[in-house]
Amino acid sequence: MKVTMIGTGYVGLVTGTCFADFGLDVVCADIDAAKIALLEQGEVPFYEPGLAEKITQNVEAGRLAFTTDVGAAIRDADAVFIAVGTPARDDGGTDLSFIDAVAHEIGKNLNGYKVIATKSTVPPQTGARIQKILLEEAGAEAAFDVVSNPEFLREGSAVADFMRPDRIVIGAESERAVEVMKALYRPLYLIETPFIITSVASAEMIKYASNAFLAVKITFINEVANICERIGADVHVVSKSMGLDGRISPKFLHPGPGFGGSCFPKDVASLVSTAELNGYDFLVGQAALDANARQRQIMVDKIRAAADGLEGKRVAVLGLAFKPNTDDVRDSPAVDIIEGLLRGGAVVRAFDPAAMETARVVLGDRIEYAEDTYDAVADADVLVIATEWNQFRNLDLARLRDLMTRAVMVDLRNVYSPHRMHEQGFHYTSVGR
Ligand SMILES: NC(=O)c1ccc[n+]([C@@H]2O[C@H](COP(=O)([O-])OP(=O)(O)OC[C@H]3O[C@@H](n4cnc5c(N)ncnc54)[C@H](O)[C@@H]3O)[C@@H](O)[C@H]2O)c1
């Protein structure tokens, strides 16, 4: 079976590569000629552990290719996946212009039955919108099925997540389309991955409801952490004990600077917007967005307090990506917090193992970019741990003390133990402890 992936970003490239790894014949198409040229030279346009090796293997095996000729890739395929971006509009709704453009392109190139599957996260009812565009372009006789197949992979562990997912969701209105989708995912079917076969609208909603729930869960423990600080309780003991309750589960109960990245903020905002358009006020979702924005401000306030004011202070920030093992800084708490520090008059010097280039696009020359961890910390008045990369978990504390003007650390990811840090002579602040 021939598969075309339209959009070769984090999701499209990982999905396309993994489908090729399943033995399918895959073409990844993108309108970004620079990205396709890099891939054709054997380079990966972003950082994702384990992906480069899989791309090389599958290209060498002749199962994976790249192109900017989106139309030809569509005409060649039995199944076309849409994996383009669905960014937030200023009003919180979803910008569907990339989806619409791809739908028009597919409609123009429909030359026989194809399954058109949406991997992008799209608001409920987008499947019907794609269907309408396809019919307009290809005519009422055109043979196709529109399927919703939301993706749940996480950047930083995307390949492993794709290969061992918790579930595969297939929203389809025809048996023929379901059979095609099952055939594509056959290797996962064989290892007994749960398959949820449902309507297109329910599949679209599953993705939004899942992301909104996780965002609320993170926000919930952050709010609990803020209360713990005020009453002298330790949020780690609280969250660990909560997590032992099977109804709650321990995951996503780690306090910090708030959720970020390219998915949670926009997906929660989108569900709020979809609810509103349908006459409903999604109170919990809106509260999570508001509390999350406040959490980032609370982090800036913490740093201001620890540094004894921000004006003219040198702040070393470790971590720029929205989480470890990625170079993605889209809606990263670290970047937002740095903006707050700059507004307060601080001088920021930062280091991230993978996200220096992506951060430079956003922050430009408003901050200093360090060579490594200890270079970032030199002459700093305060050190902020903003992203919990493994290499920040075992810092040489004596060396930090020597390099800094004062031994002050604000640990926004609760990587270190308050007791140990105080023993080591640090003025140490974390979240909820
Ligand atoms: N990044 C994640 O962790 C993640 C996880 C699950 C779902 N999603 C969803 O998947 C979708 C894609 O996310 P991403 O992070 O991979 O985005 P991305 O921005 O990394 O990649 C999107 C790609 O689509 C290409 N594109 C845009 N218009 C095109 C067109 N007309 N024809 C061909 N290519 C086109 C862009 O050039 C870009 O390379 C979004 O809806 C996102 O919400 C993302």
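Residues numbered from 1 in each chain as written. Predicted model: local features only at pLDDT ≥ 70, side-chain atom pairs only at ≥ 80, totals over all residues.

## Some remarks on the overall build of the protein chain
Secondary structure assignment for the protein chain yields 18 helices and 14 strands. Against the 2.2 N^0.38 benchmark of 22 Å for 433 residues, the protein chain shows a C-alpha radius of gyration of 23 Å, consistent with a compact globule. With the C-alpha coordinates of the protein chain rotated into their principal frame, the extents come out at 75 × 50 × 40 Å. Out of the 433 residues belonging to the protein chain, those deemed buried represent 48%. (Helix = DSSP H or I, 4+ residues; strand = E, 2+ residues; numbered from the N terminus. Rg over C-alpha atoms; globule rule 2.2 N^0.38 Å. Buried ≥ 20, exposed ≤ 12 C-beta atoms within 10 Å, placed from the backbone.)

## Thoughts on the domain arrangement of the protein chain
In terms of domain boundaries, the protein chain breaks down into domain 1 (2-198) and domain 2 (287-429). In this structure, domain 1 and domain 2 have C-alpha centres spaced 37 Å apart. At the junction of the two partners, domain 1 supplies 7 residues and domain 2 supplies 7 residues. Residues of the side of domain 1 that touches domain 2, tallied by class, amount to 3 nonpolar, 2 polar and 2 charged. (Domains from an automatic or database assignment. Contact = placed C-beta atoms within 7 Å. Nonpolar A, V, L, I, M, F, W, Y, C, P; charged D, E, K, R; others polar.)

## As for helix 13 (residues 283-307)
Here helix 13 contains 25 residues, and its C-alpha end-to-end distance of 36 Å stays within 8% of the 36 Å for a straight helix at 1.5 Å per residue. At the C-terminal side of helix 13, Asp308 shows a positive phi close to 60°. (Expected span 1.5 Å × (residues − 1).)

## Side note on the site of the ligand
Residues in close proximity to the ligand total 27 residues, the closest being Gly7, Gly9, Val11, Ser120 and Thr121. Residue composition of the shell around the ligand, by class: 13 nonpolar, 9 polar and 5 charged. (Near = placed C-beta within 6 Å.)

## A closer look at unusual backbone geometry
The phi angle at Ser249 is positive, at roughly 70°, despite the residue not being glycine. As for its placement among the helices and strands, Ser249 is situated in the loop between helix 11 (235-243) and helix 12 (264-277). For Ser249, a count of 12 C-beta atoms within 10 Å corresponds to the exposed category. In this model, Asp379 sits at a positive phi of 65°, which is unusual for a non-glycine residue. Residue classification places Asp379 among the exposed positions, given that 11 C-beta atoms sit within 10 Å.

## Overview of the environment of Lys54
Within the secondary structure layout, Lys54 lies in helix 3 (residues 51-60). Classification of Lys54 by C-beta neighbours within 10 Å gives buried; the count is 21. In this structure, the C-alpha to C-alpha distance between Lys54 and Ile133, residues 79 residues apart in sequence, is 35 Å. Sequence-distant contacts of Lys54, defined by excluding residues within four places in its chain, comprise Thr17, Asp21 and Val159.

## Description of the environment of Ala37
Along the chain, Ala37 falls in helix 2 (residues 33-40). The partly exposed category is assigned to Ala37, around which 13 C-beta atoms lie within 10 Å. Along the sequence, Ala37 and Phe66 sit 29 residues apart, while their C-alpha atoms lie 8.5 Å from each other.

## So, the sheet that holds strand 12 (residues 382-385)
To summarise the sheet geometry, strands pair through backbone hydrogen bonds and adopt either a parallel or an antiparallel arrangement. Spatially, the 6 strands line up as an open sheet ordered 11-10-9-12-13-14, and their pairing is parallel. Lying at the two open borders of the sheet, with one neighbouring strand each, are strand 11 (368-369) and strand 14 (427-429). Relative to the sheet, helix 13 contacts strand 9 (314-318), strand 12, strand 13 (408-411) and strand 14, its axis offset from that of strand 13 by approximately 170°. In the packing of helix 14 (residues 333-343) onto the sheet, the strands contacted are strand 9 and strand 10 (347-351), and the crossing angle to strand 10 comes to about 160°. (Pairing = 2+ DSSP bridges. Axes fitted to C-alpha atoms, helices over the stretch in contact; angles between N-to-C directions.)

## Re helix 10 (residues 200-231)
A rise of 1.5 Å per residue sets the reference length of helix 10, with its 32 residues, at 46 Å; its end C-alpha atoms lie 47 Å apart and thus fit the reference within 8%. Gly232, located one to two residues past helix 10, shows a positive phi value of around 80°.

## Concerning the nonpolar core
Generally speaking, a soluble globular protein has its nonpolar side chains buried in company with each other. In terms of nonpolar packing, the biggest core is built from 67 residues, with Ile303, Val315, Val317, Leu318, Val382, Leu383 and Val384 touching the most fellow members. Ranked by residues supplied to this core, first place goes to helix 10 with 9 residues. Setting aside anything within four residues of it in sequence, one finds Val317 in contact with Ala334, Ile338, Val348, Ala350, Val384 and Ala386. (Core = buried A, V, L, I, M, F, W, Y, C linked by C-beta atoms within 7 Å.)

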